[in-house]
Amino acid sequence: MNHSRLAATAAALMVSALALTGCVGGAAPKPTPTATATAQQPGITDIIDTPGSGAGLEGALSDSEVTTCELASGAWTVAGTLTNSSAVAANYRVYVSLLAADGDTRALTQVNVNGVEPSLSSPWTTEIAVADEALSCVLRVERYPVSPPPTEETAPPEEG
């Protein structure tokens, strides 16, 4: 092997070794926030009853129609109509979700509509204090039979 070739190889190895020493040790880089990083407020949950928790529930999404789903003055107004498709009077629980495009739930609110007679309609509305734009309104609708008035067999005993 000639000396110039040996010197060139040694020089290349030294440059590589020096370059690698810059990759190890030293202080870890500190992340810096970017201009697009923003703190997102937590979503709103305003429900009384756990969805699917009531006795005698039937899914009733087909009984519902959303007539309004819009952001105005920093809050979403969501409204609709329920039409009782069953043969008996019914109570409804409407769970309104506001969803971001990535599927993040920004709000979940419950609206109760009670005593809707068969084949009749009843309006409902809710306002949700979320200022996020470009959200979708998604419903879960549950229908429950109206509890009959107590009979002698089910009435609590009279005090006396």
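For clarity, every value in this text was computed on a predicted model and none was experimentally measured.

Attention shifts here to the overall build of the protein. If you tally the helices and strands in the protein, you get 1 helix and 8 strands. Starting at the N terminus and ending at the C terminus, the protein contains elements arranged as α-β-β-β-β-β-β-β-β. Here the protein, with 160 residues, has 25% of them falling under the buried criterion. By sequence separation, contacts in the protein at least 24 residues apart represent 72% of the contacts at least 6 residues apart. Carbon together with sulfur atoms contributes 57% to the accessible area of the protein, which is approximately 11100 Å² in total.

Note: strand 3 (residues 64–72) against strand 4 (residues 75–83), 8 bridges, orientation antiparallel. What sits directly across from serine 64, in strand 4, is leucine 82. Between strand 3 and strand 4, which pair antiparallel in sequence order, lie 2 residues; one of them, serine 73, sits at a positive phi of approximately 55°. Relative to strand 7 (residues 121–128), strand 4 runs antiparallel, the two being bridged by 8 bridges. Across the sheet, residue threonine 77 finds its bridge partner in strand 7, namely glutamate 127.

Let us look at the pairing of strand 8 (residues 136–145). Where strand 2 (residues 58–59) lies against strand 8, 2 bridges are found, and the strand directions are antiparallel. Following the sheet pairing, glycine 59 is matched in strand 8 by glutamate 142. One ladder, built from 10 bridges, connects strand 5 (residues 90–99) with strand 8; its direction is antiparallel. Bridging from a neighbouring strand, tyrosine 92 pairs with arginine 143 of strand 8.

Okay, the state of the cysteines next. Considering all chains together, one arrives at 1 disulfide under this definition. The disulfide partner of cysteine 69 is cysteine 137, and the gap between their sulfur atoms is 1.8 Å. In this structure, the disulfide formed by cysteine 69 and cysteine 137 twists by about 80° around the S-S bond and is classed as right-handed. With cysteine 69 in strand 3 and cysteine 137 in strand 8, this pair connects stretches of sequence that are 68 residues apart. A residue is classified by how much of its surface remains accessible, and cysteine 69, at 32% relative accessible area, is partly exposed.

With that settled, consider the pattern of salt bridges. One pass over the full model with this rule turns up 7 salt bridges. Aspartate 63 serves as the salt-bridge partner of arginine 143, at 2.4 Å between the closest nitrogen and oxygen. Note that arginine 143 is positioned in strand 8 and aspartate 63 in the loop between strand 2 and strand 3, a separation of 80 residues in sequence. The same class applies to arginine 143 as to aspartate 63, namely buried. Between arginine 140 and glutamate 142 there is a salt bridge, and its shortest N-O distance comes to 2.7 Å. Classification of glutamate 142 as buried rests on a relative accessible area of 1%. Within this structure, Asp49, Arg93, Arg140 and Glu142 form a network of salt bridges that share partners.

Locating arginine 93 in the fold gives a position in strand 5. With residues near it in sequence (within four places) discarded, arginine 93 still touches Asp49, Thr50, Ser53, Gly54, Gln110, Val111, Asn112, Arg140, Val141, Glu142 and Tyr144.

What counts and how
Residues numbered from 1 in each chain as written. Predicted model: local features only at pLDDT ≥ 70, side-chain atom pairs only at ≥ 80, totals over all residues. Heavy atoms only, no water. Helix = DSSP H or I, 4+ residues; strand = E, 2+ residues; numbered from the N terminus. Buried < 20%, exposed > 50% of the residue type's maximum accessible area, 1.4 Å probe, protein only. Contact = heavy atoms within 4.5 Å. Areas by Shrake-Rupley, 256 points an atom, 1.4 Å probe, with all protein chains shown as cover. Pairing = 2+ DSSP bridges. Disulfide = S-S within 2.5 Å. Salt bridge = Lys/Arg side-chain N within 4 Å of Asp/Glu carboxyl O.

Honestly, that's just the spatial picture; any functional story needs more than this.
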